[in-house]
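Here is how the chains run, residue by residue.
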Amino acid sequence: MKDLSVGKESSIIFKFALPMLIGNVFQQIYTLINSIIVGNFVGKEALAAVGASFPLIFTLISLVIGIAIGATIVIAQYFGAKDMKNVVRAIDTLMLFTLIASVVVTIAGILLSEPIFRLTGLPPDILPLAVDYFNIYMLGMVFAFGFNSISAILRGMGDSKTPLYFLVIATLLNIGLDFLFVLGFNWGVKGVAWATVIAQAVALMFAIIYLNRTHDIFKITWRKPEFDRAIMKKSLMIGFPVGFQQAFVALSMLAMYWLVNRFGTNVTAAFSVAFRIDSFASMPAMNFAMALSAFVGQNLGANKPERVKHGLLSTFYMTSVISVGISLIGILFAGPVMRLFTNDIEVIAIGKDYLQIVSGFYVVFSAMFVVGGVMRGAGDTFIPMLITLFALWVVRIPLGYYMSEHMGYHGIWWCIPIAWIVGLGLSFLYYSTGRWKKKAVIRK
């Protein structure tokens, strides 16, 4: 566990973010290798099916993730205040909520998958593959939720290294099983889904065994856990806006697929690949923003608000340098990167266009996420939620539809950075008001 309320801000945030970033790099490498295997050995229809499943998965789990983030912020502030009794209560409360939520999400996902895919206009040659992949993936929700909750709790207490170790194990196992199930057993997209479920189960098992043997505060046992309604209420107040926001972010992805699907299988496949690459490129900003949220939570809990601004500036400088480097790679090497995933010339050309347009704006995306990280760490999640909804549903989707009618699918690509610019501007304006400082769980 790490006290983030003492020491040089830039060094603390960097060291805290680095294990999370490495872990997510491994996770995204798996995702990319997964897409490479599917695209090259199963086909572009399977590649599009796996990509089209992600927004629906994200939609179903986003509300739970948001509430878990709320609980993590509560844990971080209690930990910063050295209130270990409430730390333990918050952990118990989150784990109970996660268990119940995972069962509900699994059932809802399997029942709703095919109707939702049909609603998005997924091409007929992709639909059955997407349903197969998605339904198997849903069977692993209890493992995924359990592992991600453990990781989030540890980060709230300043430990970002331990989740990394288990994530690396899961990622390597996942990649190995992908090769076995797809190339060895010829299971196609079903094999990719089963590989993910098994890897998540193994990661959760290792995490539970390790924590029960080594951790003083955080243990997963069969004892009767303590569900604290007051802590759950605080977690809901902070986390529900985040979850609601993430749900509508995911729904906006489904809406983007609806826009894209109108242009046929090649554009859908290209968007699926380019979106995966986009997710990889956005990782540094998201991980540094998560580190900043934990930093802000602990420092406000420890009554050290003066460190928050220094933390924000340090994080902004670090993510900006990284984002510029990634943008250059995306612009200069878009074609070779796309060729890793498919040999289809038209899919490569369409994906290259996407990357060369969107990559130039990664620094805007990173700045937007970093500013939002400060407000989430303080427990202010409602206004950031409204800003996100405005940028997505008032700017991106309507503008994407309008521009695609006049510019073809290129118009959809351009609406993405335009929405980022709007989101950054509104986020900075709200940060400048200072109202987010009044939302801390613990006030001294």
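Residues numbered from 1 in each chain as written. Predicted model: local features only at pLDDT ≥ 70, side-chain atom pairs only at ≥ 80, totals over all residues. Heavy atoms only, no water.

Focus on the overall build of the protein
The helix and strand tally for the protein stands at 15 helices and zero strands. Rg of the C-alpha trace for the protein: 21 Å, near the compact-globule value of 22 Å for 444 residues, within the 12% margin. The C-alpha extent of the protein, read off along each of the three principal axes, is 60 × 45 × 35 Å. Classification of the 444 residues of the protein by burial places 59% in the buried group. Of the contacts made within the protein by residues no fewer than 6 positions apart, 84% connect residues no fewer than 24 positions apart. Only carbon and sulfur atoms are counted for the fraction: they give 70% of the accessible area of the protein, which is about 18,200 Å². Of the charged side chains in the protein, 33 are positive and 20 negative, and the gap between their average positions amounts to 11 Å. (Helix = DSSP H or I, 4+ residues; strand = E, 2+ residues; numbered from the N terminus. Rg over C-alpha atoms; globule rule 2.2 N^0.38 Å. Buried < 20%, exposed > 50% of the residue type's maximum accessible area, 1.4 Å probe, protein only. Contact = heavy atoms within 4.5 Å. Areas by Shrake-Rupley, 256 points an atom, 1.4 Å probe, with all protein chains shown as cover. Lys, Arg positive; Asp, Glu negative; His and termini not counted. Charge placed at Lys NZ, Arg CZ, Asp CG, Glu CD.)

Some words on the packing of helix α2 (residues 44-80) against helix α5 (residues 141-156)
Interhelical geometry of α2 versus α5 gives an angle of 25 degrees and a closest axis separation of 8 Å. When the axis of α2 is compared with that of α5, the two are roughly parallel. Considering the relative orientation of α2 and α5, their crossing is right-handed. Residues Ile-61, Val-64, Thr-72, Ile-75, Ala-76 and Phe-79 of α2 touch α5, and the partners they reach there are Met-141, Phe-145, Ala-152, Ile-153 and Gly-156. Each residue belonging to the contact of α2 with α5 can be placed in one class, and the counts come to nine nonpolar, two polar and no charged. (Axes fitted to C-alpha atoms, helices over the stretch in contact; angles between N-to-C directions. Parallel < 35°, antiparallel > 145°, perpendicular 65-115°, else oblique. Left-handed = near helix turned anticlockwise from the far one by under 90°. Nonpolar A, V, L, I, M, F, W, Y, C, P; charged D, E, K, R; others polar.)

A look at helix α9 (residues 265-301)
Here α9 spans 51 Å end to end across 37 residues, near enough to the 54 Å set by a 1.5 Å rise per residue. Helix geometry: α9 is bent most strongly at Ser-282, by close to 40 degrees, with proline Pro-284 lying one to four residues after it. Taking burial as the measure, the 37 residues of α9 include 33 buried ones, the bulk of the element. Of the residues flanking the end of α9, it is Asn-303, one or two places downstream, whose phi is positive at about 60 degrees. (Expected span 1.5 Å × (residues − 1). Bend = angle between axes of the 7 residues up to and from the residue.)

Points about the pattern of salt bridges
Scanning the entire structure with this criterion turns up five salt bridges. The shortest N-O distance in the salt bridge between Glu-9 and Arg-307 comes to 3.7 Å. With Glu-9 in helix α1 (residues 9-41) and Arg-307 in helix α10 (residues 306-332), this pair connects stretches of sequence that are 298 residues apart. Under the relative-accessibility criterion, Glu-9 is labelled buried at 16%. (Salt bridge = Lys/Arg side-chain N within 4 Å of Asp/Glu carboxyl O.)

Digging into the packing of aromatic side chains
Evaluation of the coordinates by the stated rule reveals 26 aromatic pairs. Note on Phe-181 and Phe-185: the rings are 5.8 Å apart at their centroids and 25 degrees apart in plane angle, and the pair reads as stacked. Ring centres of Phe-271 and Phe-275 lie 5.8 Å apart, and the angle between their planes is 35 degrees; on these two criteria the pair is classed as tilted. On the criterion of helical spacing, the pair formed by Phe-271 and Phe-275 is a turn pair, its members being four residues apart in helix α9. The same class applies to Phe-271 as to Phe-275, namely buried. Aromatic rings pair up to connect Phe-54, Phe-58, Tyr-257, Phe-263, Phe-271, Phe-275, Tyr-354, Tyr-409 and Trp-413 into one cluster. Sitting over the face of the ring of Trp-258, Arg-262 holds its NZ or CZ atom 5.6 Å from the ring centroid. (Phe/Tyr/Trp six-rings, centres within 6.5 Å; stacked < 30°, edge-to-face > 60°. Lys NZ or Arg CZ within 6 Å of the ring centre and 35° of its normal.)

Things to note about the packing of α1 against α9
Where α1 contacts α9, the axes come no closer than 8 Å and their chain directions differ by 150 degrees. Classified by the angle between their axes, α1 and α9 sit roughly antiparallel to one another. Pair α1 / α9 crosses with right-handed handedness. Taken together, the residues that form the contact of α1 with α9 break down as 20 nonpolar, six polar and two charged.

Considering unusual backbone geometry
Phi at Asn-186 takes a positive value of approximately 60 degrees, unusual for a residue other than glycine. Among the secondary structure elements, Asn-186 is positioned in the loop between α6 (162-184) and α7 (189-214).

Some words on the side chain of Ser-113
For Ser-113, the position within the fold is in helix α3 (residues 84-119). Those residues in contact with Ser-113 that lie beyond four places of it in its chain are Leu-56, Val-131, Phe-134 and Asn-135.

Looking at the nonpolar core
Within the largest apolar cluster, 107 residues are counted, with the highest numbers of intra-cluster contacts made by Tyr-354 and Trp-413. Beyond its immediate stretch of four places on either side in the chain, Trp-413 contacts Val-260, Val-267, Phe-271, Ile-350, Asp-353, Tyr-354, Ile-357 and Val-358. Judged by nonpolar contacts, the second largest core, of 27 residues, contains Leu-292, Val-296, Leu-312 and Ile-387. (Core = buried A, V, L, I, M, F, W, Y, C linked by side-chain atoms within 4.5 Å.)

Examining the environment of Val-358
Its place among the elements puts Val-358 in helix α12 (residues 345-358). Residue classification places Val-358 among the buried residues on the basis of a relative accessible area of 0%. Separated by 28 residues in the primary sequence, Val-358 and Gly-330 place their C-alpha atoms 8.6 Å from one another.

Side note on helix α13 (residues 362-378)
The end-to-end C-alpha distance of α13, which contains 17 residues, comes to 25 Å, matching closely the 24 Å that a straight helix rising 1.5 Å per residue would cover. A large share of α13 lies buried, amounting to 15 of its 17 residues.

Here's the deal with a nonpolar patch on the surface
Residues Ile-110, Leu-139, Leu-180, Phe-185, Trp-187, Trp-194 and Ile-198 make up a contiguous nonpolar surface patch of about 600 Å² in total accessible area. Following the sequence through the fold, Trp-187 ends up in the loop between α6 and α7. Owing to a relative accessible area of 41%, Trp-187 belongs among the partly exposed residues under this scheme. (Patch = residues over 30% accessible without salt bridge, like charges linked within 9 Å, V, L, I, M, F, W, Y side chains within 5 Å.)

Everything listed here is a matter of geometry and, on its own, says nothing about what the molecule does.
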